[in-house]
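Below are the chains, spelled out letter by letter.
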Amino acid sequence: MKTWTMSPRHGARSLRKWRPFVAVSSVLLATVLPGEISGQSLRGSTSSLDRQNRVARAHDFTYIATPAQIERFVNAGYLVRVPASADYVLHDLSFPYARPEVNLFISRLARQYRSACGERLVVTSLTRPKNKQPQNASPRSVHPTGMALDLRRPDPKCRGWLERVLLQLEGSGVLEATLERRPPHYHVAIFPQQYAAYVERITRAQQQYVAGGGRYEVRPGDSLWEIARRHATTVPRLRSANNLSGSRIYPGQVLTLPG
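Each value, and the rule that gives it
Residues numbered from 1 in each chain as written. Predicted model: local features only at pLDDT ≥ 70, side-chain atom pairs only at ≥ 80, totals over all residues. Heavy atoms only, no water. Buried < 20%, exposed > 50% of the residue type's maximum accessible area, 1.4 Å probe, protein only. Helix = DSSP H or I, 4+ residues; strand = E, 2+ residues; numbered from the N terminus. Pairing = 2+ DSSP bridges. Phe/Tyr/Trp six-rings, centres within 6.5 Å; stacked < 30°, edge-to-face > 60°. Lys NZ or Arg CZ within 6 Å of the ring centre and 35° of its normal.

**Q** In this structure, what is going on with the pairing of strand E5 (residues 148-152)? I would like to understand it.
**A** For a regular strand, side chains alternate in direction, first toward one face of the sheet and then toward the other. For E5, the buried fraction is high: four of the five residues fall into the buried class. Both strand E4 (residues 121-125) and E5 contribute to a ladder of two bridges, which runs antiparallel. Note on E5: the bridge partner recorded for serine 125 is aspartate 150.

**Q** It is not clear to me how the packing of aromatic side chains should be interpreted in this structure. Could you clarify?
**A** Aromatic ring pairs are defined here through the distance separating the ring centres and the angle between the ring planes. Scanning all chains against the criterion turns up four aromatic pairs. Taking 5.7 Å as the distance between ring centres and 75° as the angle between the ring planes, the aromatic pair formed by phenylalanine 105 and tyrosine 195 counts as edge-to-face. Taken together, the residues span a long stretch of sequence, with phenylalanine 105 in helix H4 (residues 100-117) and tyrosine 195 in helix H6 (residues 192-211) at a distance of 90 residues. The burial state of phenylalanine 105 is the same as that of tyrosine 195; both residues are buried. Measuring from centroid to centroid gives 5.8 Å for tyrosine 113 and tryptophan 161, while their planes differ by 65°, and the two rings are edge-to-face. You can see tyrosine 113 sitting in helix H4 and its partner tryptophan 161 sitting in helix H5 (residues 156-171), a full 48 residues away along the chain. Each of the two residues, tyrosine 113 as well as tryptophan 161, counts as buried. Chaining the aromatic ring pairs together yields one cluster made of Phe105, Tyr195 and Tyr198. One cation-aromatic arrangement involves arginine 99 over phenylalanine 61; the distance from NZ or CZ to the ring centre is 3.7 Å.

Right, here's the structure in full:
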């Protein structure tokens, strides 16, 4: 494995040229193809690590080596502080910083998690420099890039909800999630540009819902489950509102969305 250092794009020489990420690159969106998505499990694999590192390289992310480099990346705006929230707990973090898209992921997931489970999500790790990695960490971990986080494994009453959501997002090609055993937690690697595009699609769908007076036009790849999740409803309610006997839908179909 190639050892990554401060790249010209993300190194000290380029800090004065930095500008915030605002666009979604079609090249990077093609980094994770539908055929590459891992089987729907949280067991982890070599291919999952390959995908995480491939996305990190495609984004030209530096594998940060020291706490001093974290500080430089924060000052440059590559990493942002993850703030305290009523929806999640930052547990014993030495470096409460992450890529902006990871911060967005945490805030969105935690809000939904608290609504579904009635408790706060617990984040146990974010960016870690290479010289502060735990002994059991993989040498190929993407935590030093700022694109990963760890989540504490919740009690069984909330575990199923969290795992279903992580698997759905993994299936959408916006992250890789692995259940680690010692200690029990979920390692989640966010694919920043892919996730930003995913959130943009959801936001646009919500705007269409408001503009359409509670109606939604089915697009290729949609499922009743995902439409229900986007619009804070359930599959049974969607079926009832549209007189559907099953879950089969087709592109162009216009669905009535329950209030």
